[in-house]
Amino acid sequence: ILNVEQSPQSLHVQEGDSTNFTCSFPSSNFYALHWYRWETAKSPEALFVMTLNGDEKKKGRISATLNTKEGYSYLYIKGSQPEDSATYLCAFGGGATNKLIFGTGTLLAVQP
Amino acid sequence: GAVVSQHPSWVICKSGTSVKIECRSLDFQATTMFWYRQFPKQSLMLMATSNEGSKATYEQGVEKDKFLINHASLTLSTLTVTSAHPEDSSFYICSARGGTSSHYEQYFGPGTRLTVT
C-alpha cells in the first residue's frame, strides 16, 4: 500500500513568520509530486507539479523542493499572510497509472 | 482556465434514498474524471476513475452498484449514491483531466457534503 504522509498536521503562525511543511512519499516508481492549496469551501488549487529530483519551484512567496531519491518534498512560505491560511495537500503520482495518492494535508492558520 | 464545478455543494437526504452529484468541466474537455471521498481527518481517497464514453474503473472496496458513475460527455460526470445510508455521509469531490494535461494534473471541483439521516 502506497503511503503519503504530511507533517505537521496543523500549524499556527503569526503574520510575517516563515514556515515549511513536509511531504513524504514512496521513493520508487516516482512520476510526479503535486502540491495543492485548499481553502475552505473552495476547490483545491494546484500550486506546483514537480517531476525531477532536485526540482525547485517558486510562486510568489511560496516555494517547494523535491528529493525523489529519499522520497520527500518541502513546501516553504516566506512571510506568511492571513490569506495564506488554508490546507496544503501533497499528492504522489506513480508511474504506469494516472492516479494520485494524497496525504492528509497540513492546516495552516496565520494570525494577523 | 481549467475550472470544474460541482453541484450541489451540500445535500441532506433520508436513509434509503438516492442522491446524484454532478461534476462539470466548464472551460475544457475532460477526457478523464475522478471521484474522491474524504472522511474527517483523512486524506482524499480515490473511489473511481471514469473516461468519457466508457465504464468507470472502481477502486478496491468501492461498491460499483452503490456508487453509480456516468461520464456521458466530455464536460459532465455524475455520481449517484444509491440507497444511501448514514455511513455514506461524507465529503465527495471530483476532479478532471483534459487531453492536454501533463504529469497527471487534475483540476478539482469544490466538493459536495452529503449527510444521510
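Up top is the structure these notes are about.
All values reported here derive from a predicted model rather than from experimental measurement.

Asker: Where do I start with the sheet that holds strand β7 (residues 67-73) of chain B in this structure?
Answerer: Paired through backbone hydrogen bonds, the strands of a sheet run either parallel or antiparallel to each other. All names here are of chain B. Strand order in the open sheet formed by four strands is β1-β3-β8-β7, and the pairing between neighbours is antiparallel. Every other strand in the sheet has two partners, leaving β1 (4-7) and β7 as the edge strands with one partner each. Strand-to-strand twist of the sheet, defined as the mean angle between neighbouring strand axes without regard to direction, takes the value 15 degrees. Of the pairings in the sheet, the one linking β1 to strand β3 (residues 19-25) comprises four bridges and is antiparallel in character. Each bridged residue has a counterpart across the sheet, and for Q6 the counterpart in β3 is C23.

Asker: I keep staring at the interface of chain B and chain A and nothing clicks. Help me out?
Answerer: Reports of interface size often rely on the accessible area that becomes lost once the parts have come together. Facing the 21 residues of chain B at the interface are 23 residues of chain A. Here chain B and chain A share an interface that buries about 1700 Å² over both sides, 62% of which is from carbon and sulfur atoms. Our count for the contact surface shared by chain B and chain A stands at four residue pairs in polar contact (both at pLDDT 80 or more). Contributing elements (two or more residues each) for the side of chain B that touches chain A: β4 (30-38) and β9 (90-98) of chain B. The leading source of residues in the side of chain B that touches chain A is β4 of chain B, at four residues. Grouping the constituent residues of the side of chain B that touches chain A by class yields 10 nonpolar, seven polar and four charged.

Asker: Sorry if this is basic, but what is going on with the environment of K66 of chain B here?
Answerer: All names here are of chain B. Mapping K66 onto the fold places it in the loop between β6 (57-58) and β7. With 41 residues separating them in the primary sequence, K66 and S25 have C-alpha atoms 24 Å apart. Not counting residues within four places of it along the chain, the set of residues in contact with K66 comprises T80, V81, T82, S83, A84, H85 and D88.

Asker: What am I meant to see in the pattern of salt bridges here?
Answerer: For side chains bearing opposite charge, pairing can occur when the charged atoms are close. Taken as a whole and judged by the stated rule, the model has eight salt bridges over all chains. In this structure, R61 of chain A and D84 of chain A form a salt bridge, with 2.8 Å as the shortest nitrogen-oxygen distance. Of the two residues, R61 of chain A is situated in the loop between β6 (56-59) and β7 (62-67) and D84 of chain A in the loop between β8 (72-77) and β9 (86-94); the sequence distance between them amounts to 23 residues. Accessibility expressed as a relative area gives 4% for D84 of chain A, which makes it buried. The closest approach of N and O atoms between K99 of chain A and E59 of chain B, which form a salt bridge, is 2.9 Å. Residue K99 of chain A is found in the loop between β9 and β10 (100-102), and its partner E59 of chain B is found in the loop between β6 and β7; the two belong to separate chains. Residue class for K99 of chain A comes out partly exposed when judged on its relative accessible area of 31%. Several salt bridges share partner residues, and in doing so they unite R37, E39, K42, E45 and K59 of chain A into one network.

Asker: Before we go on, may I ask you to explain the pairing of β9 of chain A in this structure?
Answerer: Walk down a regular strand and you will see the side chains alternate between the two sheet faces. Residues and elements named next belong to chain A. Here β9 lies mainly inside the structure; nine of its nine residues are buried. Here β9 shows no split at all, with A86, Y88, C90, F92 and G94 on one side and T87, L89, A91 and G93 on the other all buried. The pairing of strand β4 (residues 30-38) with β9 spans eight bridges and is antiparallel. Bridge pairing in β9 places R37 opposite Y88. Two elements, β9 and strand β11 (residues 106-111), share three bridges in a ladder whose sense is antiparallel.

Criteria and cut-off values
- Each chain carries its own residue numbering, running from 1 in the direction its sequence is written.
- Going through the entries in the order they are written, you letter the chains from A and number the ligands from 1.
- In keeping with the model being predicted, local features are shown solely for residues with a pLDDT of at least 70 and side-chain atom pairs are shown and tallied solely at 80 or more, while totals for entire chains, interfaces and linings include all residues.
- The basis for every side-chain value is the complete set of heavy atoms in the structure, and neither hydrogens nor water enter the calculation.
- Note: two strands are recorded as paired if DSSP finds a minimum of 2 bridges between them.
- Put simply, DSSP H or I for four residues or longer makes a helix, DSSP E for two residues or longer makes a strand, and each gets a number counted from the N terminus.
- Between N-to-C directions, angles cover 0 to 180 degrees, with each direction set by a line fitted to C-alpha atoms, over the stretch in contact for helices.
- Should any heavy atoms of two residues lie within 4.5 Å, those residues are considered in contact.
- We define buried area as the total accessible area lost by two parts upon association, computed with a 1.4 Å probe and summed across both.
- Counted as a polar contact is a pair of N or O atoms within 3.5 Å, where, for protein atoms, one must be capable of donating a hydrogen and the other of accepting one, and residues adjacent in sequence contribute only when both atoms are in side chains.
- Polarity classes work like this: nonpolar for Ala, Val, Leu, Ile, Met, Phe, Trp, Tyr, Cys and Pro, charged for Asp, Glu, Lys and Arg, and polar for all others, with Gly in that last group.
- Here a salt bridge means any side-chain nitrogen of Lys or Arg lying within 4 Å of a carboxyl oxygen belonging to Asp or Glu.
- Between buried and exposed lies partly exposed: a residue is buried under 20% and exposed over 50% of the maximum accessible area for its type, with that area taken using a 1.4 Å probe on protein chains only.

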